[in-house]
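The primary structure of each chain is shown beneath.
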Amino acid sequence: FCLHRIRFEKMEAKNQGRALKDGDVVTACQQSCPTKAITFGDLRLAGSEVSEKFKAPSTYSLLEELNTQTAVRYDVKVRNSSELKGGEKHHEEGHHA
């Protein structure tokens, strides 16, 4: 996740005598994505864009049934909200947060 960009923005914030703010760090993927499908930030920062998206009920993590607790989540577009066999909902992959 663009470690050099994270370090640069941390140093800039430190030089300015402040903490990193939501949106200070913009990854290269995030910057180049024309659809703004990527959100990057500090999950520990309450109210940040990424922490709010991370908690959204429409998001999921890969292999979350194995309790992997990854820091990458994917947003889904629900195409059929009626219950399918086994209680699963049909969905289509969207963007990640």
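In what follows, the structure referred to is the one given above.
This section reports on the structure supplied with the text. (Residues numbered from 1 in each chain as written. Predicted model: local features only at pLDDT ≥ 70, side-chain atom pairs only at ≥ 80, totals over all residues. Heavy atoms only, no water.)

1. Side note on the packing of aromatic side chains
Here comes step 1: Scanning the entire structure with this criterion turns up one aromatic pair.
Here comes step 2: Just above the ring of Phe54 sits the side chain of Arg73; from NZ or CZ to the centre is 5.1 Å. (Phe/Tyr/Trp six-rings, centres within 6.5 Å; stacked < 30°, edge-to-face > 60°. Lys NZ or Arg CZ within 6 Å of the ring centre and 35° of its normal.)

2. Considerations on a nonpolar patch on the surface
Here comes step 1: On the surface, Leu62, Leu63 and Leu66 cluster together into a nonpolar patch covering about 310 Å² of accessible area.
Here comes step 2: Positionally, Leu62 belongs in the loop between strand S1 (59-60) and strand S2 (74-80). (Patch = residues over 30% accessible without salt bridge, like charges linked within 9 Å, V, L, I, M, F, W, Y side chains within 5 Å. Areas by Shrake-Rupley, 256 points an atom, 1.4 Å probe, with all protein chains shown as cover. Salt bridge = Lys/Arg side-chain N within 4 Å of Asp/Glu carboxyl O. Helix = DSSP H or I, 4+ residues; strand = E, 2+ residues; numbered from the N terminus.)

3. A few points about helix H1 (residues 3-15)
Here comes step 1: For H1, built from 13 residues, the straight-helix expectation of 18 Å at 1.5 Å per residue is met to within 8% by its first-to-last C-alpha distance of 18 Å.
Here comes step 2: Two residues or fewer past H1, Gly17 is found with a positive phi of approximately 70°. (Expected span 1.5 Å × (residues − 1).)

4. As for the pattern of salt bridges
Pairing is possible between side chains that carry opposite charge, provided their charged atoms lie close to one another.
Here comes step 1: A full pass over the atoms with the stated rule returns four salt bridges.
Here comes step 2: A salt bridge links Arg18 to Asp24; the shortest N-O distance between them is 2.8 Å.
Here comes step 3: A salt bridge links Lys55 to Glu52, with the shortest nitrogen-to-oxygen separation between them at 3.4 Å. One end of the pair is Lys55 and the other is Glu52, both in helix H3 (residues 49-55) and three residues apart, which spans about a single turn.
Here comes step 4: Lys55 sits in the exposed class, given a relative accessible area of 59%. (Buried < 20%, exposed > 50% of the residue type's maximum accessible area, 1.4 Å probe, protein only.)

Nothing here speaks to function; it is all geometry.
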